[in-house]
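Descriptive analysis of the structure
Each chain, written out:
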Amino acid sequence: MLYIVGTPIGNLKDITLRAIETLKNADVIACEDTRHSLALLNAYDIKKPLVSYHKFNEKESGEKLVERLKRGENVALITDAGMPLVSDPGGVLVKLLIENDLEYTVVPGPSACISALALGGLEGDRFTFLGFLPEKKGEREKFLAKYKELDTTLVFYVAPHDLKDTVRALYAALGERKAVAVKEITKLHERRTEFFLSQGFPEEAKGEYVLLVSGAEEKENALNALSEREHIEYYKAQGLSTMDALKAVAKDRKVSKSSLYKYTLEE
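In this numbering scheme, every chain counts its residues from 1 along its sequence in written order. Confidence filtering applies because this is a predicted model: local features only for residues at pLDDT of at least 70, side-chain atom pairs given and counted only at 80 or more, and all residues used for totals across whole chains, interfaces and linings. Hydrogens and waters are ignored; side-chain quantities use all the structure's heavy atoms.

With 19 residues, the main nonpolar core has Phe156, Leu170, Phe195, Leu211 and Val213 as its most contacted residues. Where this core is concerned, the elements lending two or more residues are helix H6 (137-145), strand S7 (153-158), helix H7 (163-174), strand S8 (178-183) and strand S10 (209-213). Every residue pair with non-hydrogen atoms within 4.5 Å of one another is taken to be in contact. Residues contacting Phe156, with those up to four places away along its chain left out, are Leu130, Gly131, Leu133, Leu144, Leu170, Tyr209, Val210, Leu211 and Val213. Buried Ala, Val, Leu, Ile, Met, Phe, Trp, Tyr and Cys residues that are joined via side-chain atoms within 4.5 Å together make up what is termed a nonpolar core. Exposure categories follow from relative accessible area, calculated using a 1.4 Å probe and restricted to protein chains: below 20% of the type maximum is buried, above 50% is exposed, and the middle band is partly exposed. Formed by 16 residues, the second largest nonpolar core is a distinct cluster that contains Leu2, Val66, Leu96 and Leu102. Think of it this way: any DSSP run of H or I at least four residues long counts as a helix, any run of E at least two long counts as a strand, and we number them from the N terminus.

Next comes the structure, spelled out in structure tokens:
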């Protein structure tokens, strides 16, 4: 069995009992960076063989892990922080398992995306996770154009050296939006910084960031450009009664129906 194990995103105490148990019972642990993972494993006295599994050797290392699984070994897959496969290596391996009809499961753990939404103060009921933006300008612009009209909070992962350029690119593609950058989640220097995209990121960028950007605002109803009387007559021309037309106009303009009644009186 392959176990996809979520690990702490900062504070080493943010690990589940099941994750510790799974790692201790695994025959081998596949790590994004074996040296980085040793700090976590040593903290919980987990002594297991480690193999390197990262984005540059996913297919080759994945095939070796598949052979181990076929021999009946239990393999735990972890990354440097958070959930494998979510903007981290693991997708190639899971596809190999599906192709070979091998079993796998998940041991849930912390998520930088969800944690940032909890800290950010923007809408968290509906959001769109977009991960890291494409590096090339043309690809980035094309990518962002697909999400410009979404009214959900947009969530990005951003490296510190890319943060200011990313904010400028988002402003160019999306226009003015409120943004919140959350860094060092669960760590000593955890910080939330709120700003508008037009301002640019207002601080020196240090640490790993999750960037939250507010969704697109609802576009003003084009009929509101008409005068109140013209607006009412428009709906009446569509076959609505005077009272139903008043209700429709009141809803469009976000005003009371009674405030519009005078526009139905004969001059």
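Further notes follow.
A positive phi is found at Leu85, a non-glycine position, where the angle reads about 80 degrees. For Leu85, the position within the fold is in the loop between strand S4 (75-77) and helix H4 (91-99). With relative accessibility at 35%, the residue Leu85 sits in the partly exposed group. Its identity as a non-glycine residue notwithstanding, Lys254 has a phi of 60 degrees, on the positive side. Mapping Lys254 onto the fold places it in the segment after helix H9 (242-253). Here Lys254 falls in the exposed class, since its relative accessible area comes to 68%.

Looking now at the packing of helix H3 (residues 58-70) against H4. For the pair H3 and H4, interaxial distance at closest approach is 9 Å and the crossing angle is 40 degrees. It follows that H3 is oblique to H4 by the angle criterion. The element H3 and its partner H4 pack so that their crossing is right-handed. Residues Glu58, Lys59, Gly62, Glu63, Leu65, Val66 and Leu69 of H3 lie in contact with H4, whose contacting residues are Gly91, Val92, Leu93, Leu96 and Leu97. When residues are grouped by polarity, Ala, Val, Leu, Ile, Met, Phe, Trp, Tyr, Cys and Pro land in nonpolar, Asp, Glu, Lys and Arg in charged, and all others, Gly among them, in polar. When the residues that make up the contact of H3 with H4 are grouped by side-chain class, the tally is seven nonpolar, two polar and three charged. Every angle, taken between N-to-C directions, lies between 0 and 180 degrees, and every axis is a line fitted to C-alpha atoms, over only the stretch in contact when it is a helix. Working rule for angles: under 35 degrees goes down as roughly parallel, over 145 as roughly antiparallel, 65 to 115 as roughly perpendicular, anything else as oblique. Rotating anticlockwise by less than a right angle from the far helix to the near helix defines a left-handed crossing, while the corresponding clockwise rotation defines a right-handed one.

To continue, consider the sheet that holds strand S6 (residues 127-131). Across the sheet, five strands lie side by side as S6-S7-S10-S8-S9; this open sheet has mixed pairing. Edge strands, defined here as strands with exactly one partner in the open sheet, are S6 and strand S9 (191-196). When the angles between neighbouring strand axes are averaged without regard to direction, this sheet yields 20 degrees. Two strands pair if DSSP finds at least two bridges between them. Bridge analysis of S8 against S9 gives six bridges, and the strand direction is antiparallel. Bridge pairing in S9 places Lys183 opposite Arg191.

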